[in-house]
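Each chain, letter by letter, is given below.
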Amino acid sequence: MNTRFIAASLLLVLLASCQTSTKSQGISYRNLFAEAGYSQEAIDKKIESTFQHLFHGNKENEAVYYEAGENINGKLAYIFDVNNNDVRSEGMSYGMMIAVQLNKKEIFDALWNWSKTYMQHTNPNHPAYGYFAWSLTTQGKMNDEMPAPDGEEYYATALYFAAARWGNGKGIYHYKKEADELTRQLRNRTAITGTAGGRTITGLSLFDREHVMVRFTPDSINAAHTDASYHLPAFYEVWAKKSPKEDQAFWQKAAAVSRDYFEKAAHPQTALTPDYGNFDGSPWASGWRPVSATFSYDAWRTAMNWSMDWAWWGKDKRAIDRSNRLLTFFRNEGLSTYGNQYTLDGKKLGDGRPVGLVACNATAALAADSPYAIEFVKAFWECEPPTGRYRYYDAMLMMMALLHCSGEFKVIGL
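## Considerations on the pattern of salt bridges
Part 1 of the reasoning: Taken as a whole and judged by the stated rule, the model has 28 salt bridges.
Part 2 of the reasoning: Two residues, Arg318 and Asp260, come together in a salt bridge whose shortest N-O distance is 2.7 Å. With Arg318 in helix H11 (residues 318-333) and Asp260 in helix H9 (residues 245-265), this residue pair connects regions lying 58 residues apart in the sequence.
Part 3 of the reasoning: Several salt bridges converge on common partners, so that one network encompasses Glu237, Lys241, Arg259, Asp309 and Lys315.

Written out as structure tokens, the structure is:
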């Protein structure tokens, strides 16, 4: 009998027996850091120190959270992409999700107030009516008036969680009402032709109703495409329980469709996914960014998405194999030396091992049963909070991954 096979099998049994989890509202949340041998005191300290660094640290070199005065709705704040000198719906909605998970209501409300004040389109003739412009200056001027749908997805889910955690307030702080209206728009908004950024654009719903799938953009020119990292079946399951009743069956189906999409988009050997894709799962090289057909910065998050879905709902066992394949690929590339961009079949396109990718790979361990998965958790634990010009994207992924890997990124209110 193969002794190597026996040893690996025993190790898997040992890992399963040592899994540490907490149970909340019927869901068991794995604590990967505890499984890796770190104490709960050390885990709590790491989460808190990273949060303090990123939200209250030195504004010149550490923080990404910036307070921005007040208006009639209260305090204002934004998440700053230092390198690109802008505020993005992605980062704002991530910041709100982090805040609700950590019970930081003041931060949540300040970010939501800034989003509502400057980012959301209220003109019913605008092609992005009801959505949030994806890029603005820190003064609130829109750089690009069209949305990036992952922002809307995180906004909606964070709002549902806020309603459950804190209850609904008045005006923009009636979280449930805001979330319901946003999810209605995502599915049901009709086509609007108007002017955005000096161009005539027809804006559609953020979800393609025929394919039951999130679009890359609602701009009709590029609306027949998607982005694997925008697929969030874990969130659609929440919407299937919390959104307006007439939309709930659609969101339940969208969750199933996205799980199938992950399987189609992930390479059969490496499990790498492209940044942008077609609805059939094939890569899409956009005319303005040909690298989008490869595993690049957007695609880092895809494994986080399927692993969160498995950790919360456990409905797609294929996630286990995908995480195993992905982590095996990166381990073979060198756990401390793998690159940040690849062709889908594994040819390295970019050097560097950024914290954001390390964080997402650690989160992939939530769905993995490989004996090597814990190595990625330990590698992530050793990472320090990012500093400097490029800190924004790494910072947001790191903070969310710390919550995922500690079992503290939870469904609230179901």
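## Some words on the pairing of strand S4 (residues 74-81)
Part 1 of the reasoning: When you tally the buried positions in S4, you get six out of eight residues, the bulk of the element.
Part 2 of the reasoning: Sheet analysis places strand S3 (residues 65-71) next to S4, joined by five bridges and oriented antiparallel. Its bridge partner lying in S4, Glu70 is registered against Lys75.
Part 3 of the reasoning: Here S3 folds back onto S4 in antiparallel fashion, the turn holding two residues.
Part 4 of the reasoning: Both S4 and strand S5 (residues 86-88) contribute to a ladder of two bridges, which runs antiparallel. Bridging from a neighbouring strand, Phe80 pairs with Val87 of S5.
Part 5 of the reasoning: Counting the residues in the hairpin turn of S4 and S5 gives four residues, including Asn85, whose phi is positive at 55°.

## A look at the packing of aromatic side chains
Part 1 of the reasoning: Summed over the entire model, instances satisfying the criterion amount to 45 aromatic pairs.
Part 2 of the reasoning: Ring centres 5.8 Å apart and planes at 45° place the aromatic pair Trp112 and Phe132 in the tilted group. Of this pair, Trp112 sits in helix H5 (residues 105-119) while Phe132 sits in the loop between H5 and strand S6 (135-136), and the two are 20 residues apart along the sequence.
Part 3 of the reasoning: Between the aromatic rings of Phe216 and Tyr276, the centroid separation amounts to 4.3 Å while the plane-to-plane angle is 45°, which identifies the pairing as tilted. Of this pair, Phe216 sits in the loop between strand S11 (213-214) and strand S12 (225-226) while Tyr276 is found in the loop between H9 and strand S13 (277-278), placing the two residues 60 residues apart along the sequence. An identical accessibility class is assigned to Phe216 and Tyr276; each is buried.
Part 4 of the reasoning: The aromatic ring of Tyr338 is capped on one face by Arg353, whose charged end is 5.7 Å from the ring centroid.

Conventions and cut-offs
Residues numbered from 1 in each chain as written. Predicted model: local features only at pLDDT ≥ 70, side-chain atom pairs only at ≥ 80, totals over all residues. Heavy atoms only, no water. Salt bridge = Lys/Arg side-chain N within 4 Å of Asp/Glu carboxyl O. Helix = DSSP H or I, 4+ residues; strand = E, 2+ residues; numbered from the N terminus. Buried < 20%, exposed > 50% of the residue type's maximum accessible area, 1.4 Å probe, protein only. Pairing = 2+ DSSP bridges. Phe/Tyr/Trp six-rings, centres within 6.5 Å; stacked < 30°, edge-to-face > 60°. Lys NZ or Arg CZ within 6 Å of the ring centre and 35° of its normal.

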